[in-house]
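Secondary and tertiary structure notes
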Amino acid sequence: MTAAVFNHEGPWTEEDYLALGETQQRVELFDGSLHVTPAPTPRHQRISRRLGNILEAASGAAGLELLEAVNVRLRPGRIPIPDLVITGPIDFDELNVEAGDVRLVCEIISPSNASTDKVLKMHYYAAAGIGWYLLVEQETGALRLYRRQGGHYVEAAAAKRGEVLELTEPVRATIRPEELLS
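The following paragraphs examine the structure supplied in this document. This structure is a prediction, so every number in the text was calculated from the model and none was measured.

**A short note on the layout of surface pockets**
Roughly 410 Å³ of volume is contained in the largest pocket. Forming the boundary of the largest pocket are 15 residues, of which Gly 21, Glu 22, Thr 23, Asn 71 and Ile 81 lie nearest the centre. Among the elements of the structure, helix 2 (14-19) and strand 1 (26-30) are those that each provide at least two residues to the lining of the largest pocket. Of the residues contributing to the lining of the largest pocket, the split by class is eight nonpolar, four polar and three charged. Of the pockets and cavities examined, the second largest pocket occupies roughly 270 Å³. In terms of lining residues, the second largest pocket is bounded by 20 residues, among which Thr 37, Pro 38, Ser 110, Ser 112 and Asn 113 are the most central. Those elements giving two or more residues to the lining of the second largest pocket turn out to be strand 1, strand 2 (33-37), strand 8 (102-109) and helix 4 (114-127). Tallying contributions element by element places helix 4 first for the lining of the second largest pocket, with three residues.

**Quick look at the sheet that holds strand 9 (residues 132-137)**
Taken together, six strands build an open sheet; the order of strands is 3-6-8-9-10-11 and the sheet is mixed. If you trace the sheet from one side to the other, it starts and ends with strand 3 (65-68) and strand 11 (152-159), each paired once. Neighbour to neighbour, the strand axes of the sheet diverge by 20° on average, direction disregarded. Bridge analysis of strand 3 against strand 6 (residues 84-87) gives four bridges, and the strand direction is antiparallel. Directly across from Glu 68, in strand 6, lies its bridge partner Leu 84. Strands in contact with helix 3 (residues 42-61) are strand 3, strand 6, strand 8 and strand 9; relative to strand 3, the strand with the most contacts, it is inclined by about 165°.

**Focus: the nonpolar core**
Formed by 24 residues in total, the largest nonpolar core has its most connected members in Leu 51, Leu 55, Leu 134, Val 136, Leu 167 and Ile 175. Contributing elements (two or more residues each) for this core: helix 3, strand 6, strand 8, strand 9, strand 10 (143-149), strand 12 (165-167), strand 13 (173-175) and helix 5 (177-181). For this core, the element with the most residues is helix 3, which contributes four residues. Once residues lying within four places of it in the same chain are set aside, the contact partners of Val 136 are Ile 47, Leu 51, Cys 106, Glu 107, Ile 108, Ile 109, Ala 142, Leu 143 and Leu 180. One finds Phe 30, Leu 67, Ile 90 and Val 97 within the second-largest nonpolar core, a separate group that totals 21 residues.

**Thoughts on the sheet that holds strand 2**
Pairing in this open sheet of three strands is antiparallel, and the strands run 2-1-5 from one edge to the other. The open sheet terminates on both sides in strands that have one partner only, identified here as strand 2 and strand 5 (78-79). Of the strand pairs in this sheet, strand 1 and strand 5 are connected by two bridges, and their pairing is antiparallel. Each bridged residue has a counterpart across the sheet, and for Phe 30 the counterpart in strand 5 is Arg 78. Sheet strands touched by helix 4: strand 1, strand 2 and strand 5. Its angle to strand 1, the strand with the most contacts, is close to 50°.

**Thoughts on the pairing of strand 9**
Burial analysis of strand 9 places five of its six residues in the buried class, the great majority of the element. Note on the crossover from strand 8 through helix 4 to strand 9: the handedness is right-handed. Where strand 9 and strand 10 come together, five bridges link them in antiparallel fashion. Within the sheet, the bridge partner assigned to Tyr 133 lies in strand 10 and is Tyr 146. The loop that links strand 9 with its antiparallel partner strand 10 comprises five residues; one of these, Gly 141, has a positive phi angle of about 80°.

Basis of the calculations
Residues numbered from 1 in each chain as written. Predicted model: local features only at pLDDT ≥ 70, side-chain atom pairs only at ≥ 80, totals over all residues. Heavy atoms only, no water. 1 Å grid on protein atoms, 1.4 Å probe; cavity = no way out; pocket = protein on both sides within 12 Å on 5 of 7 lines; lining within 4 Å. Points joined across faces, edges and corners; volume = space filled by probe spheres on them. Helix = DSSP H or I, 4+ residues; strand = E, 2+ residues; numbered from the N terminus. Nonpolar A, V, L, I, M, F, W, Y, C, P; charged D, E, K, R; others polar. Pairing = 2+ DSSP bridges. Axes fitted to C-alpha atoms, helices over the stretch in contact; angles between N-to-C directions. Contact = heavy atoms within 4.5 Å. Core = buried A, V, L, I, M, F, W, Y, C linked by side-chain atoms within 4.5 Å. Buried < 20%, exposed > 50% of the residue type's maximum accessible area, 1.4 Å probe, protein only. Right-handed = clockwise from strand over helix to strand, strands pointing away.

The following block contains the structure:
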């Protein structure tokens, strides 16, 4: 992949991006530019797996799907890879999940990507019409759930250690921050 990145000239198209295939790094496409990050830390992955276990059971009960680290096509030329997504029915053989199929998107914030998740991706997910956005602070386990209102997100609920986040939409789930960290 390194050679392809350094030998590419001009803005990246979706076709260029998808031609990269699977990579060791997390490579996302934002309006002709690539955003490349190394693989997540073990702490990040443990939080993702534990949260995924909670949300997978809730998703199944609601007739929805939970997916980890998939391409979500927000619009042409804009394809992030969220940590977790809850979707309606999709084609599991497609390279991208379309934003219109995503009910909830979740990002686990690392110190190195905080501004991307809290500003850039939040704006892009809202603009794409995704109804719910869940942010998890990796270091503290604090949870912030946002609901789309108009073209942006408003905070619907939050929880820190010792508290509980109750999701009622798009799935019913109870999340305790300390269970994600211990």
